[in-house]
Amino acid sequence: MENVFINPAKEQWSSILKRPVIDNRSLESTVSAVLQEVRLNGDTAVKKYTAQFDGIELTDLRVTQAEIAEAIELVDEILKTAIQTAKNNITLFHENQRETVRQVQTTKNVLCWRKSVGIQKVGLYIPGGTAPLFSTLLMLGIPATLAGCEEIIVCTPPDKNGKVNPVILYVAQLIGLKNIYKIGGVQAIASLAYGTETVPQVYKIFGPGNQYVTCAKQLVNKEGVAIDMPAGPSEVAVYADETSNAGFIAADLLSQAEHGADSQVVLVATSQAIIDNVKKEIALQLETLSRKEVAAKALANSRFIVIENVNEAFALLNEYAAEHLIIASDNAKHLGELVINAGSVFLGHYSPESVGDYASGTNHTLPTNGYAKAYSGVSLDSFVKKITYQQLSKDGIKNIGNTVEIMAAAEGLDAHKNAVTIRLKSL
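Draft legend 1. A look at the overall build of the chain. Per the secondary structure count, the chain includes 17 helices and 14 strands. C-alpha extents for the chain along the principal axes are approximately 85 × 60 × 45 Å. Of all 427 residues assigned to the chain, the portion counted as buried reaches 48%. Across the chain, contacts joining residues at least 24 apart in sequence account for 75% of those joining residues at least 6 apart. Total accessible area computed for the chain in this model is approximately 20,700 Å², and 51% of it derives from carbon and sulfur atoms. Across the chain, 38 positive and 45 negative side-chain charges occur, with their mean positions spaced 10 Å apart.

Draft legend 2. Representation of the sheet that holds strand β8 (residues 226–227) in the model. Pairing is parallel in the open sheet, where five strands are placed in the order β6-β5-β4-β7-β8. Here the strands that pair on one side only, and so sit at the sheet edges, are β6 (179–181) and β8.

Draft legend 3. How the structure looks around the environment of Leu35. Mapped onto the elements of the fold, Leu35 is located in helix α2 (residues 25–41). In the structure, Leu35 is positioned 158 residues away from Ala193 in sequence and 9.1 Å away in space, judged by C-alpha atoms. Dropping the residues within four chain positions of it, Leu35 is found in contact with Val186, Ala190, Tyr194, Ala216, Leu219 and Val220.

Draft legend 4. Looking closely at the pairing of strand β10 (residues 264–269). Within β10, six of the six residues are buried, leaving the element largely enclosed by the surrounding structure. Residues Gln264, Val266 and Val268 of β10 are buried on one face, and the alternating residues Val265, Leu267 and Ala269, pointing to the opposite face, are buried as well. Sheet topology note: the strand β9 (residues 235–240)/β10 ladder contains six bridges and is parallel. Of the residues in β10, the one forming a bridge with Ala240 is Ala269.

Draft legend 5. Structural detail: the side chain of Thr136. As for its placement among the helices and strands, Thr136 is situated in helix α6 (residues 134–147). If sequence neighbours within four positions are ignored, Thr136 has contacts with Ile126, Pro208 and His364.

Draft legend 6. The packing of helix α8 (residues 185–194) against helix α9 (residues 211–222), seen in detail. Two numbers describe how α8 lies on α9: the axes approach to 8 Å, and their chain directions differ by 25°. What the angle tells us is that α8 and α9 run roughly parallel. As α8 packs across α9, the resulting crossing turns out to be right-handed. On α9, the residues touching Gly185, Val186, Ile189, Ala193 and Tyr194 of α8 are Tyr212, Val213, Ala216, Lys217 and Val220. Of the residues in the contact of α8 with α9, the class split is eight nonpolar, one polar and one charged.

Draft legend 7. Representation of the sheet that holds strand β13 (residues 344–347) in the model. Judged by pairing direction, the sheet is parallel, and its six strands sit side by side in the order β1-β11-β10-β9-β12-β13 without closing on themselves. The open sheet has two free edges, formed respectively by β1 (4–6) and β13, since each of these has just one partner strand. Taking the axes of each pair of neighbouring strands and ignoring which way they run, one obtains an average angle of 15° across the sheet. For strand β12 (residues 324–328) and β13, the ladder comprises four bridges, and the chain directions are parallel. Among the inter-strand pairings, Ile326 is bridged to a residue of β13, identified as Phe346.

Draft legend 8. Focus on the packing of aromatic side chains. One pass over the structure, following the stated rule, counts six aromatic pairs. Relative to Phe314, the ring of Tyr239 lies with its centre 4.8 Å away and its plane at 45°, an arrangement referred to as tilted. Highlighted residues: Tyr239 in strand β9 and Phe314 in helix α13 (residues 310–320), separated in sequence by 75 residues. The class of Phe314 is buried, set by a relative accessible area of 2%. Between Phe248 and Tyr350 the ring centres are 5.6 Å apart and the planes differ by 65°, which places this aromatic pair in the edge-to-face class. Here the residue Phe248 occupies a position in helix α10 (residues 246–257), and Tyr350 occupies one in the loop between β13 and α15 (353–358), the gap between them amounting to 102 residues.

Draft legend 9. Structural view of the pairing of strand β4 (residues 121–125). Judged by how many residues are buried, β4 sits mostly within the fold: four of five residues are covered. Looking at chain direction, β4 and strand β5 (residues 151–155) are connected through five bridges and run parallel. Bridging across to β5, Leu124 finds its partner in Val154. Relative to strand β7 (residues 204–206), β4 is paired through three bridges, and the arrangement is parallel.

Draft legend 10. Examining the packing of helix α5 (residues 77–95) against helix α7 (residues 166–174) more closely. Following both chains from N to C, one finds α5 and α7 inclined at 45°, their axes separated by 11 Å at the closest point. With respect to each other, α5 and α7 are oriented oblique. Here the hand of the crossing between α5 and α7 comes out right-handed. Together, Leu79, Lys80, Ile83, Gln84 and Lys87 of α5 and Val167, Tyr170, Val171 and Leu174 of α7 make up the contact between the two elements. The class makeup of the residues in the contact of α5 with α7 is six nonpolar, one polar and two charged.

Draft legend 11. Up close: α5. Along its 19 residues, α5 runs 26 Å from first to last C-alpha, staying within 8% of the 27 Å computed at 1.5 Å per residue. Burial in α5 covers these residues: Lys80, Ile83, Ala86, Lys87, Ile90, Thr91 and His94. The arc enclosing the buried residues of α5, seen along the axis, measures out at 135°, which places them on a common side. More than 90 degrees from the buried face of α5, the exposed residues found are Glu77, Ile78, Thr81 and Leu92. Where the residues of α5 are buried, they touch α4 (65–74), α6, α7 and α15.

Draft legend 12. Focus on the nonpolar core. Ranked by size, the top nonpolar core spans 40 residues in total, and within it Val122, Leu124, Leu137, Leu138, Val171, Leu177 and Phe383 carry the most contacts. When contributions to this core are tallied by element, the ones reaching two or more residues are α4, α5, β4, α6, β5 and α7. Per element, the largest residue contribution to this core is nine residues, and it comes from α6. Every residue in contact with Leu137, bar those within four places of it in the chain, is listed here: Leu124, Ile126, Ile142, Val154, Ile168, Val171, Ala172, Ile175 and Leu177. In this structure, Leu35, Tyr49, Ile153 and Val199 belong to the second largest nonpolar core, which totals 32 residues.

Parameters and conventions
- Just so you know, the residues in each chain are numbered from 1, in the order the chain's sequence is written.
- Residues qualify for local features only when their pLDDT is at least 70, as the model is predicted, and side-chain atom pairs are given and counted only at 80 or more; totals for whole chains, interfaces and linings, by contrast, use all residues.
- Side-chain measures were taken over the full set of non-hydrogen atoms in the model, leaving aside hydrogen atoms and water.
- Under the scheme used here, helices are H or I runs from DSSP no shorter than 4 residues and strands are E runs no shorter than 2 residues, and both carry numbers assigned from the N terminus.
- Buried residues are those whose accessible area, probed at 1.4 Å on protein chains only, stays under 20% of the maximum for their type, while exposed residues exceed 50% and partly exposed ones sit between those limits.
- The contact rule is simple, with two residues in contact once any of their heavy atoms fall within 4.5 Å.
- Per-residue and other accessible areas follow the Shrake-Rupley method at a 1.4 Å probe size, with only the shown protein chains counted as cover for residues.
- None of His or the chain ends enter the tally, which takes Lys and Arg as positive and Asp and Glu as negative.
- Positions of charges follow a simple convention, taking NZ of Lys, CZ of Arg, CG of Asp or CD of Glu.
- Only strands that DSSP links by at least two bridges are regarded as paired with each other.
- An axis is simply a line fitted to the C-alpha atoms; with a helix, the fit covers only the stretch in contact. Between two such axes, the angle follows the N-to-C directions and lies from 0 to 180 degrees.
- Angle categories are assigned with fixed cut-offs, so that under 35 degrees is roughly parallel, over 145 is roughly antiparallel, 65 to 115 is roughly perpendicular, and the rest are oblique.
- Note on convention: near helix rotated counterclockwise from far helix by under a right angle means a left-handed crossing. Clockwise means right-handed.
- Gly counts as polar in this scheme, as do all residues outside two lists: the nonpolar Ala, Val, Leu, Ile, Met, Phe, Trp, Tyr, Cys and Pro, and the charged Asp, Glu, Lys and Arg.
- The pairing test for Phe, Tyr and Trp rings, Trp by its six-membered ring, is centres within 6.5 Å, and the orientation test on the planes gives stacked under 30 degrees, edge-to-face over 60, and tilted for anything in between.
- By this rule the span expected of a helix is its residue count minus one, scaled by 1.5 Å.
- By definition, the arc is the one covered by directions from the helix axis to the C-beta atoms.
- Residue types Ala, Val, Leu, Ile, Met, Phe, Trp, Tyr and Cys, when buried and joined through side-chain atoms within 4.5 Å, form a set referred to as a nonpolar core.

Written out as structure tokens, the structure is:
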């Protein structure tokens, strides 16, 4: 936590803002071997690696309806109510992303329009392990369902008893997902990408995971299987001025740090005093956390930066392009207009990142590692294809035909020109 920088020069920004580096090249041989074995040997390979990596020998990979029914009874009623509230908010937010089909007459009697069509087969990877992310199933399953995806396949790791986390199964049945498989890690990504005797092949894979899962997604993407986005360790950046609350900021930084040892937290403040107060709060709050050892390791990747000039501060934050950006200021709404690059923005003192992670309605599957400069977070659009249509009448081809003939001839594409000419001659 000694990574404090005072009004750094722009030439220093890239080195200061460097993320924890994971060399995926060193993983590729290991990951590729698993991918190829699952591709060749299907369920047999999946079961082999499940025994090796998850410590359980499975007979059946698919979760049964009896297992789902049993899991539902194990989930606390208070948690069920909370999940229902989150489901309602996430559904409402994503429903409002639907696009109305609008026809445009670009030239008289030339009609063009665009229609959103759900991707037929999608795979959702839901991490298990030390923190089973049932919230991610809400974030991915709800828009997939709203988009009209015909086949939604869920893969999630089993525990040492061969069971899937009961809350994940409760969420699955709540949003109507039935195809759930006890498969984690690289073997899950391979199953979704190539298909096995049990697991259907999908066209696009969604969901976060560790460095092995991330590497697997990137490798199958090279082979033509679509993925949601490039992803890396989770991160948060906070902008704080003299109106901020040090306790709130420390809690926000720690909430991100507890994700994993390779997570990163960045604080950009208008004064050294703010940073000093936040660091004191971090030290106090860290001791109360059940995952304090993980959070402490992540804090080794932290950055505390003093920048007195507001425009300079947001120039640096836009260069960082954080997955999550919190603006802890009375003037947050105005300052939010300065944001160009971020996955999701949290405005003001009472908008913690954890609200977006769970229940406000926005999606928590977001671009990391600077990809927010070019990528958006998951939305309804992530689960659909946009297909364009056009329809020309006889008058329409007459009105636009000569334009096409001239342009096709200029490019030397005679057949393109003739496809129009032959129709014009028939009129």
